[in-house]
Amino acid sequence: MDPISAAALAALAGGAGGEAGKQAWTALSALVRRPFRHSDADSETGALVVSSGEAELTALAQDPGELERAQRLSTALAVRAALNAEFRLALESWWQQAQSVRTNEGAVTNQVSGGTQYGPVVLGRDFSGLTITNQGSPGLRTAPGDPDRSGPTGLTSSAEGASRGD
């Protein structure tokens, strides 16, 4: 299982996603608070002590804006999932459901400015299998803001006419 994004954990802890985000955070809290059966090590044996993730969960809930706390929780979840197959399955199920909550993680802002675009302009995120055909012809358009120039046919674009009030 891939580690759960610290940014997503911080966003959910901070209340992103509205009611769905709150439900996802509550479900994660319940999952983390399930009993974690592991051998508690002491300082005499030198064995590794593994966190259940509860302390990291509580710390992140207190300060959701602190990305380092979110990273600690992500790490604790990953370690616990690696040691406990039942927890891993439950965490994977939770993560699949939680990913549907919009937390603006990986948000994209599309902006087109400057110059004239003579071909298709595609705005969005995560495209795959996209094919663009019909590139258009730059000779049929005029430069924006140039009311005296017209294309080869003597026509100006409707956008230019609308901006000039024609």
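The preceding data block contains the structure.
Below is a summary of the structure that appears in this document. (Residues numbered from 1 in each chain as written. Predicted model: local features only at pLDDT ≥ 70, side-chain atom pairs only at ≥ 80, totals over all residues. Heavy atoms only, no water.)

1. Looking at the environment of N84
- Its location among the elements puts N84 in the loop between α4 (67-83) and α5 (85-98).
- Sequence separation of N84 and F36 is 48 residues, and the distance between their C-alpha atoms is 8.5 Å.
- A distance of 2.8 Å separates a polar side-chain atom of N84 from the backbone nitrogen of F87. (Helix = DSSP H or I, 4+ residues; strand = E, 2+ residues; numbered from the N terminus. Polar contact = N/O pair within 3.5 Å; in protein donor to acceptor, adjacent residues only side chain to side chain.)

2. Regarding the packing of helix α2 (residues 18-32) against α4
- The N-to-C vectors of α2 and α4 enclose an angle of 50°; their axes lie 12 Å apart at closest approach. Classified by the angle between their axes, α2 and α4 sit oblique to one another. Note on packing geometry: the crossing formed by α2 with α4 is left-handed. Across the interface between the two elements, W25, L28, L31 and V32 from α2 touch L73, L77 and R80 from α4. (Axes fitted to C-alpha atoms, helices over the stretch in contact; angles between N-to-C directions. Parallel < 35°, antiparallel > 145°, perpendicular 65-115°, else oblique. Left-handed = near helix turned anticlockwise from the far one by under 90°. Contact = heavy atoms within 4.5 Å.)

3. A look at the pattern of salt bridges
- Under the criterion given, the structure shown has two salt bridges.
- For E54, the salt bridge identified is with R33, shortest N-O distance 3.4 Å. Of the two residues, E54 is situated in helix α3 (residues 54-62) and R33 in the loop between α2 and α3; the sequence distance between them amounts to 21 residues.
- For R33, a relative accessible area of 44% gives the class partly exposed. (Salt bridge = Lys/Arg side-chain N within 4 Å of Asp/Glu carboxyl O. Buried < 20%, exposed > 50% of the residue type's maximum accessible area, 1.4 Å probe, protein only.)

4. With respect to the nonpolar core
- Within the largest apolar cluster, 25 residues are counted, with the highest numbers of intra-cluster contacts made by L9, W25, L28, L73, L77, L91 and W94.
- Of all elements in the fold, only α1 (6-13), α2, α3, α4 and α5 reach the threshold of two or more residues within this core.
- Residues contacting W94, with those up to four places away along its chain left out, are I4, L9, L12, A24, A27, L28 and L31. (Core = buried A, V, L, I, M, F, W, Y, C linked by side-chain atoms within 4.5 Å.)

Worth remembering: the numbers are spatial, not functional.
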